[in-house]
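Chains, contacts and geometry: an overview
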Number of protein chains: 2
Amino acid sequence: MKRLLAAVSAIAILATGPVAAQSVDRVAINGIIDQGLNHSEVMQTAAHLTDRIGGRMTNSPAMRETERWTQEQFRNWGLSNVRTEGFDFGRGWSMARSSARMTSPRALDLRAIPVAWTPGTDGNVSGEVILAPMANAGDLAKWRGKLAGKIVMISAPTAATDPTEPAFRRWTDAELAERSGYVQPNNNPAAAERSVQTSARDDFPLRLDAFLLEEGALGWVRMSYRDGGLVHGAGYTHLVGRTPKLPGMEIAAEDYRRLARLTLGETPPTIEIMSEVQFHDEDTNAYNVLADIPGSDRSGEYVMAGAHFDSWVAADGAVDNAAGTAVVMEAARILKTLGVRPKRTIRFALWNGEEQGLYGSLAYVDRHLATRAPLSDPELANLPNGRTWRARWPIQPREGYSDLVAYFNLDNGSGRIRGINAEGNVAAVPVLEAWLAPFASMGATTVSLRPSGGTDHVYMQTVGVPGFQFIQDPLDYSSRLHHSSLDSYDHLKPEDLRQAAVVLASLLLSAANSDEPLPRMPLPTRPTPSDPFAFQGAN
Amino acid sequence: MKRLLAAVSAIAILATGPVAAQSVDRVAINGIIDQGLNHSEVMQTAAHLTDRIGGRMTNSPAMRETERWTQEQFRNWGLSNVRTEGFDFGRGWSMARSSARMTSPRALDLRAIPVAWTPGTDGNVSGEVILAPMANAGDLAKWRGKLAGKIVMISAPTAATDPTEPAFRRWTDAELAERSGYVQPNNNPAAAERSVQTSARDDFPLRLDAFLLEEGALGWVRMSYRDGGLVHGAGYTHLVGRTPKLPGMEIAAEDYRRLARLTLGETPPTIEIMSEVQFHDEDTNAYNVLADIPGSDRSGEYVMAGAHFDSWVAADGAVDNAAGTAVVMEAARILKTLGVRPKRTIRFALWNGEEQGLYGSLAYVDRHLATRAPLSDPELANLPNGRTWRARWPIQPREGYSDLVAYFNLDNGSGRIRGINAEGNVAAVPVLEAWLAPFASMGATTVSLRPSGGTDHVYMQTVGVPGFQFIQDPLDYSSRLHHSSLDSYDHLKPEDLRQAAVVLASLLLSAANSDEPLPRMPLPTRPTPSDPFAFQGAN
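Residues numbered from 1 in each chain as written. Chains lettered and ligands numbered in written order. Predicted model: local features only at pLDDT ≥ 70, side-chain atom pairs only at ≥ 80, totals over all residues. Heavy atoms only, no water.

Chain A is annotated in an unreviewed UniProt entry as Carboxypeptidase Q of Brevundimonas variabilis. Here chain A is described in UniProt, under the heading Subunit (unreviewed entry), as follows: "Homodimer. The monomeric form is inactive while the homodimer is active." (UniProt positions renumbered as here; feature names shortened; annotations may be inferred.)

What follows is the structure, given as structure tokens:
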């Protein structure tokens, strides 16, 4: 039966062109459009996540509330099997308030934020600053004996930049067309494995902390990597037992550079930093939230949409990634409201711990899809899974490896969906094109073969599972919002998020009802080098 | 002799084209270029004004230090007759520190700044917010009885904007050409006079303060007019006896909108504001700083360059207007270092109180150049001069009216000089073109007839004195720096400021040595309406 339908479908494609329907039910899509555009709740969901809950750092009280509230929403909408899946993450950390001021040569409030997972200051910490850039262990020695009683400026100030390009933009058709080109992988497995092992062992933040403590420094400040008064505060010392001893803050670039210039005078400026933070150790597990619309056949196959719902806390984690979270939740609401009865189960996943290393989606992959051989080095074996993942061969598929027939990820901000990254999966292209075809007039036109990275479909890709990331209009995501103190509800685009929810809901339905599973890539095995004779350092 | 030379000059112009030299000494200009580009101190001056002194609010301690330091610099460079000229301004005001936080529904630091010349909070002031937009006296009544114990959000939130244009740009040749077009004045003297009298009487900030006090409000907050987390803090209640009673703060647009959205929930958010400010009443005069390079003939004629050296205090007043100040001072340093002996005196003026209404330059005009007939209305007669200036006829020239042969103003940020606004003075165009000609290859190409406003040449223009403002590359002045919390040294462009100092020094020298005074406009008299039969409201 499946084969016969596939043949009919192939004839239909030949007869009507490359985007002919493969299980695309346009009548159902009309319903999705009506529900998603005329009865949308995506902005209510986004507002609750951003304005009301705010920044959602993994294992913080705000994230615990998010884990609770998102499940409640899924249940209220009638989703099935709403549940969490925990994984080891580390300490929770939250900020109550903070400040930084210059106290001499004049009084001036500075824009600053505590670096995540650094301890608080226990009141004000005041001291002279010293500009002592340290970026790796080799930099420490030259500052020995010079830091006692100081607040240490650890970043080398970079030159200010001029915003000569628009901060906010959409893809042009030409740019989208250019994205479609296939990009060959550039394999150098031995070098990649060495690099994974080196970076897994890299512990500079803690070495720096120990050095500063030993030298009698009072704390440290670093410079924001963006201009415009923005701060970010990302930090990665979340593992139990790995908390630094000294407080650290990030200072806006303009404020940092002013301090740096003033250190060139006779008397270095003094500053006062204050950070009131809390650690939360009741439960060191983080939790993904999952919810299903069960499929009508019992094969165990499912399709899945996901977005990470954790964020940094410089603002409210709006475009990164309340946007994707709200769209995934809205797709669930739309499909449930319409009472769809898909053939395959449709699963909605909210990933946790993405910001510190895609931990939540990796935990899902490792539990349900595939794992990788352990490394023999006992030091490396104790590190979080993700830090060594790519260096471990072979891949060992789990029992559910083939059940996930398509995964769609949303993590590129608030821009509308302009297409999807097929991630080098040539066989999937015509299918994805067919599923996307109804939305060409809404701007979703492009199936790109280019690989994309940095978010929760990546670990699926590493084990050969068809996980795809949407192409979204960039807007001002990278230019000023990503992780920054500007990432609040104001920069969400309601029209774009409604479109994304409609496209996502439709693709999920098409994928869940398609006659054949989406074509897969072969199980990845350790690649041969693309240039076996490349000199080291050239690649 | 003068006539003969003028005739020769006219022949020279005919013989060699429209930009032939009129007293342009290119050998001297070579010296200016060498001193200004190879031995520049303009950035040292700018750094002292911004990094070290910081925001320079008129009559604040920082401004007193600026008045002292700039005179010291002029004296160190050997300028003559370095002096101040005082004028009545009002109270000094300075900020020591401030903060604003949301305390429920969650803890969140807000980006905020006290509004200038509002009182401090005497510790933390905490309360529920109420969104009660009030923009004029007519809005007050509807909030009566609703504000007790509240912190009042007085701005109506506006929609967030998308930065679809580059924040930083330079003029294109086409844009410069377009600027050259003559623009007819659109005169409607009666309407203009009514509007001056109405706005002079407008006292909304104090009426609002009295209303809020009477209603038992705890304080007020307003929304920043720019997005991107920027704040400004401009306020205008600097007159003695006109200080409001309630504290007021400006909150970043994103933070304000979040609060506004949260007021739509069941329980309004609570915030806590703190502002530690000080008033300074030892001396209510503000002081312009003047310095001369004396002319060799004793006619009393002089040329002058000026820039205001006061600023707001959201940041360090760098592009507005340490930039112009440093360029004017650098031009003085260059010319003095070169030992020029100009025919006419060259005067350097640093204007105070510009930000609150061009007070300093007006005081100079009124004292040295021309005044205007007083108004009979005693209420209006007591207001600061500038508030009614344009409504008063006739203009009464002072004895020194004709002595000032050319004034050059710099107050458009850090962009290089691309030309000069001839302000409708058709007769001055060929002369300005000749003076500017050596700098075409440095980008200064354009003499525009378009009028420009908003800074210290304006009051000279109102009395027919040849005061000109330079055309400068806009950079990111208007888009994000002007008056904002980003206006710090980082956004100054050393190459541009060096060019501006060279051009300014050269123009001053050319003007000081020119055989004829720069052609002047007729003494302005009350104009006839451009359209005597226009219906009211149409103009």
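Picking up after the structure, the text goes on.
To continue, consider the overall build of chain A. Secondary structure assignment for chain A yields 16 helices and 18 strands. The C-alpha atoms of chain A give a radius of gyration of 25 Å, which matches the 24 Å a tight globule of 539 residues would have. Along the first, second and third principal axes, the C-alpha atoms of chain A reach 85 × 55 × 50 Å. Relative to all contacts within chain A whose residues are 6 or more apart in sequence, the contacts with residues 24 or more apart total 84%. When the accessible surface of chain A is split by element, carbon and sulfur atoms take 53% of a total near 20700 Å². Distance between charge centroids for chain A: 2 Å, based on 52 positive and 61 negative side chains. (Helix = DSSP H or I, 4+ residues; strand = E, 2+ residues; numbered from the N terminus. Rg over C-alpha atoms; globule rule 2.2 N^0.38 Å. Contact = heavy atoms within 4.5 Å. Areas by Shrake-Rupley, 256 points an atom, 1.4 Å probe, with all protein chains shown as cover. Lys, Arg positive; Asp, Glu negative; His and termini not counted. Charge placed at Lys NZ, Arg CZ, Asp CG, Glu CD.)

A word on the relation of the copies chain A and chain B. When chain A is fitted to chain B, the best match, at an RMSD of 0.0 Å, comes from turning it 180° and sliding it 0.0 Å along the axis. Considering both components of the superposition, the chain copies are consistent with a two-fold axis. Relative to the rotation axis, the C-alpha of P166(A) is the closest in chain A, positioned 2.0 Å from it. Mapped onto chain B, 100% of the interface residues of chain A again fall at the interface, so both copies present the same surface. (Least-squares fit on C-alpha atoms with pLDDT ≥ 70 in both.)

Now for the interface of chain A and chain B. On the chain B side, the residues contacting the 46 residues of chain A number 46 residues. Between chain A and chain B we count 14 salt bridges in total. For the salt bridge of R258(A) with D316(B), the shortest nitrogen-to-oxygen distance reads 2.6 Å. Counting across the chain A and chain B interface gives 30 residue pairs in polar contact (both at pLDDT 80 or more). When contributions to the side of chain A that touches chain B are tallied by element, the ones reaching two or more residues are α3 (42-53), β2 (92-104) and α8 (253-262) of chain A. (Salt bridge = Lys/Arg side-chain N within 4 Å of Asp/Glu carboxyl O. Polar contact = N/O pair within 3.5 Å; in protein donor to acceptor, adjacent residues only side chain to side chain.)

Tallied over the entire structure, the rule returns 79 salt bridges over all chains. A salt bridge links E215(A) to R144(A), with the shortest nitrogen-to-oxygen separation between them at 3.4 Å. Placement of E215(A) in the loop between α7 (204-214) and β7 (219-223) and of R144(A) in the loop between β5 (125-131) and β6 (151-153) is noted, with a sequence separation of 71 residues between them. Since its relative accessible area comes to 13%, E215(A) is described here as buried. R144(A) gets classed as partly exposed once you look at its relative accessible area, which sits at 46%. Residues E495(B) and R416(B) are paired through a salt bridge, measuring 3.7 Å at the closest nitrogen-oxygen approach. Pair noted here: E495(B) is in helix α16 (residues 494-513) and R416(B) is in the loop between β15 (404-409) and β16 (417-421), with a separation of 79 residues, a long-range link. The exposure class assigned to E495(B) is exposed, which follows from its relative accessible area of 52%. For R416(B), a relative accessible area of 18% puts it in the buried group. (Buried < 20%, exposed > 50% of the residue type's maximum accessible area, 1.4 Å probe, protein only.)

A separate point is helix α16 (residues 494-513) of chain A. When the terminal C-alpha atoms of α16(A) are compared, their 29 Å separation across 20 residues agrees well with the 28 Å that a helix rising 1.5 Å per residue should span. With respect to burial, α16(A) is a largely interior element, 16 of its 20 residues being buried. (Expected span 1.5 Å × (residues − 1).)

Let us now look at the nonpolar core. With 78 residues, the main nonpolar core has F74(A), L335(A), F348(A), F408(A), L432(A), L504(A) and L508(A) as its most contacted residues. In terms of nonpolar packing, the next biggest core, distinct from the first, is built from 77 residues, I53(B), L230(B), L335(B) and V502(B) among them. (Core = buried A, V, L, I, M, F, W, Y, C linked by side-chain atoms within 4.5 Å.)

Okay, unusual backbone geometry next. Peptide bonds are trans in most cases, and residues, glycine excluded, mostly fall at negative phi. A cis amide bond links S104(A) with the next residue in sequence, P105(A), at an omega value of 10°. With respect to the element layout, P105(A) can be found in the loop between β2 and β3 (108-110). Geometrically, the link from W393(B) to P394(B) is a cis peptide bond, its omega value of 0° lying close to zero. Following the sequence through the fold, P394(B) ends up in the loop between α12 (385-388) and β14 (395-397). Despite not being glycine, H483(A) shows a phi value in the positive range, around 70°. Relative to the helices and strands, H483(A) resides in the loop between α15 (477-481) and α16.

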